[in-house]
Amino acid sequence: MEIVIIGCTHAGTAAAQAIMQSHPEHTVTIFERHDDISFLACGVALYLGGTVDALTQLHYQTPQALRELGAKVYLHHNVLKVDVAGHTVVARDIQTQQERTVHYDKLIMATGARHALPPLTGADAKRVLLCKDAKEAQAVKNTASDAVDIALIGGGYVGVELAEAYAHTGHKVTIFESGSQLLRNYLDADNAATVTKRLSENGVVVHLNTPVRSFVDVPDHVGLRTRAGEFTFDLAVATTGFTPSTTLVAEQLTCDRHGALVVNEFGQTSDPDVFAAGDCRTSLFNPTGQPAYIPLASSALRQGAMAGLNACGEERIDYGTQATSAMMLFNLCVASTGLTQAAASRVVGLRPHTITWVGTWRPAFMPDTSKLTITLVYDRLSRRLLGAQLLSTHEVAQSANALSIAIQNNNTIDDLAVVDMLFSPHFNEPNNYLNQAAGMAVAHEREAGFKTPQFTALGVRGRK
């Protein structure tokens, strides 16, 4: 069987490995437009900040390794056309301009995402840069070497992480965010305010509710026109998010309103011979039970491996995602999973509520401990956990993973309050902080007149 994979970052790499290791009898052909594969864009901030010495360290697989497994790997190839009905792919070598047409039995779309830059005047100015792939990261690094004042357009994950990286390298950094808070897809307003305060304490200027209206290209600088006035910087980096790269098949396959390919539980698109994985497709978002566009490297790897195996005839089911993520920001661990209160309030059928527990991660009698803030978002009707946010100078990211499991398994606050957790003064209190936070939610509901269900983890959930 002939299997073609378009794109070879996370999803494409995982798909190829899964096929060649489990089903080496099949032929795998990969088209990748860059000269490398498996680039960890999430490590770009570490490279720009000096933690990582070279961009080559951000690749975890090589084209040669895939070739040794048996795959045909074509780098520097742009795919020009996909004929879904005819089962063919046309690609062109960027260097030689030679075109080749390949027939497939199964196709895996792993085309990822592209920058979602708003239509701003002057966005093509020389000192307005993007930062996603290795080439762009190197261009930003080179330009920043003679820059002092840097503007970051967008206060999402990439913008916040780049702000810390540049602050560590002696740059003056300013973030322009069009919304009322940073990290709005991950944190509620109070926790986002803590992040903003952390940035400000470390010299980063944050402008909220300040959309950039246009750029002005001036010699050795770039001007920004905003609602708050005009600013001049040595360099501007646009970090305004991503949109799925699906133009090759958008008119032939079903896409959602973002342009992401709609898939079933096996990763199949509206054509059963075409699979999709990674940032070009939708994912089942477990807190709502609905498909959503959630571009994450961790999801891409799982989806890629699943798509590869299912293209070979297996039936691996995608269990969805909670969009779990974390960052270390000036020694503050910020982790989140699932829905924020703001996002949950927009979901029909949910009656979300939030509690915030504040304590320490281990007993005060230990040589040291530190403050921990946990925000739990849950549905008052089903008592099901919908989301969580954790902030501490202690590393609590793995606790976000534990809460992610609870959300995926439809656990309630009652389940979480009594779930078995280890105790050692080295690691936590006798009653784990997750138990305590959930217990606080249970007590709050009791006081509000919402009774604890008779059965929880092993029985029927509901209110008496």
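Residues numbered from 1 in each chain as written. Predicted model: local features only at pLDDT ≥ 70, side-chain atom pairs only at ≥ 80, totals over all residues. Heavy atoms only, no water.

A.B. asks: Go over the overall build of the chain with me, naming the residues and quoting the values.
C.D. replies: Regarding its fold elements, the chain presents 11 helices and 25 strands. By its C-alpha atoms, the chain is 70 × 60 × 40 Å across when sized along the principal axes. Accessible surface, the chain: about 20700 Å² in total, of which carbon and sulfur atoms supply 51%. Charge-centre separation for the chain: the mean point of 36 positive side chains lies 7 Å from the mean point of 44 negative side chains. (Helix = DSSP H or I, 4+ residues; strand = E, 2+ residues; numbered from the N terminus. Areas by Shrake-Rupley, 256 points an atom, 1.4 Å probe, with all protein chains shown as cover. Lys, Arg positive; Asp, Glu negative; His and termini not counted. Charge placed at Lys NZ, Arg CZ, Asp CG, Glu CD.)

A.B. asks: Residue-level account of the sheet that holds strand 2 (residues 27-31), with values.
C.D. replies: The strand order across the open sheet formed by five strands is 3-2-1-7-18, and the pairing between neighbours is parallel. The open sheet has two edge strands, strand 3 (72-74) and strand 18 (274-276), and neither has a second partner. Across the sheet, the mean angle separating the axes of adjacent strands is 15° when strand polarity is ignored. As paired strands, strand 7 (residues 106-109) and strand 18 are joined by three bridges and run parallel to one another. Residue pairing in the sheet places Met 109 in a bridge with Ala 276 of strand 18. Lying over the sheet, helix 1 (residues 10-22) contacts strand 1 (2-6), strand 2 and strand 7, oriented at roughly 160° with respect to strand 1. (Pairing = 2+ DSSP bridges. Axes fitted to C-alpha atoms, helices over the stretch in contact; angles between N-to-C directions. Contact = heavy atoms within 4.5 Å.)

A.B. asks: Which residues make up the side chain of Arg 127, and what values go with them?
C.D. replies: Examined against the element boundaries, Arg 127 turns out to sit in the loop between strand 8 (113-115) and strand 9 (128-130). On the basis of relative accessible area, Arg 127 is assigned to the buried category, the value being 14%. When near neighbours in sequence (up to four residues on either side) are disregarded, Arg 127 contacts Thr 143, Asp 146, Asp 220, His 221, Val 222, Asp 234, Leu 235 and Ala 236. (Buried < 20%, exposed > 50% of the residue type's maximum accessible area, 1.4 Å probe, protein only.)

A.B. asks: Tell me about the state of the cysteines, residues and numbers included.
C.D. replies: Each disulfide is one covalent bond, formed between the sulfur atoms of two cysteines. Per the stated rule, a full pass over the model turns up zero disulfides. The closest cysteine sulfur to the non-disulfide-bonded Cys 42 is located on Cys 131, 12 Å from its own sulfur. Here Cys 255 stays unpaired: no disulfide links it, and the sulfur of Cys 280, its closest cysteine neighbor, is 9.1 Å away. (Disulfide = S-S within 2.5 Å.)

A.B. asks: An account of the pairing of strand 6 (residues 99-103) is requested, with residue identities and associated values reported.
C.D. replies: As paired strands, strand 5 (residues 88-93) and strand 6 are joined by five bridges and run antiparallel to one another. Each bridged residue has a counterpart across the sheet, and for Ala 91 the counterpart in strand 6 is Arg 100. Linkage of strand 5 to strand 6, two consecutive antiparallel strands, is achieved through a turn of five residues, within which Gln 97 is found at a positive phi near 65°.

A.B. asks: Outline the packing of aromatic side chains, supporting the account with residue identities and numerical values.
C.D. replies: The tally for this structure, following the rule as stated, stands at five aromatic pairs. Ring centres 5.4 Å apart and planes at 20° place the aromatic pair Phe 31 and Tyr 74 in the stacked group. Of this pair, Phe 31 sits in strand 2 while Tyr 74 sits in strand 3; the two residues are 43 residues apart in sequence, bridging distant segments of the chain. Accessibility expressed as a relative area gives 2% for Phe 31, which makes it buried. Here the aromatic cluster, defined as three or more aromatic residues joined through ring pairs, consists of Phe 176, Phe 231 and Phe 233. Across the ring face of Phe 242, the terminal group of Lys 132 is positioned such that the distance to the ring centre comes to 5.6 Å. Here the guanidinium or amino end of Lys 141 rests over the ring plane of Tyr 47, the centre of that ring lying 4.8 Å away. (Phe/Tyr/Trp six-rings, centres within 6.5 Å; stacked < 30°, edge-to-face > 60°. Lys NZ or Arg CZ within 6 Å of the ring centre and 35° of its normal.)

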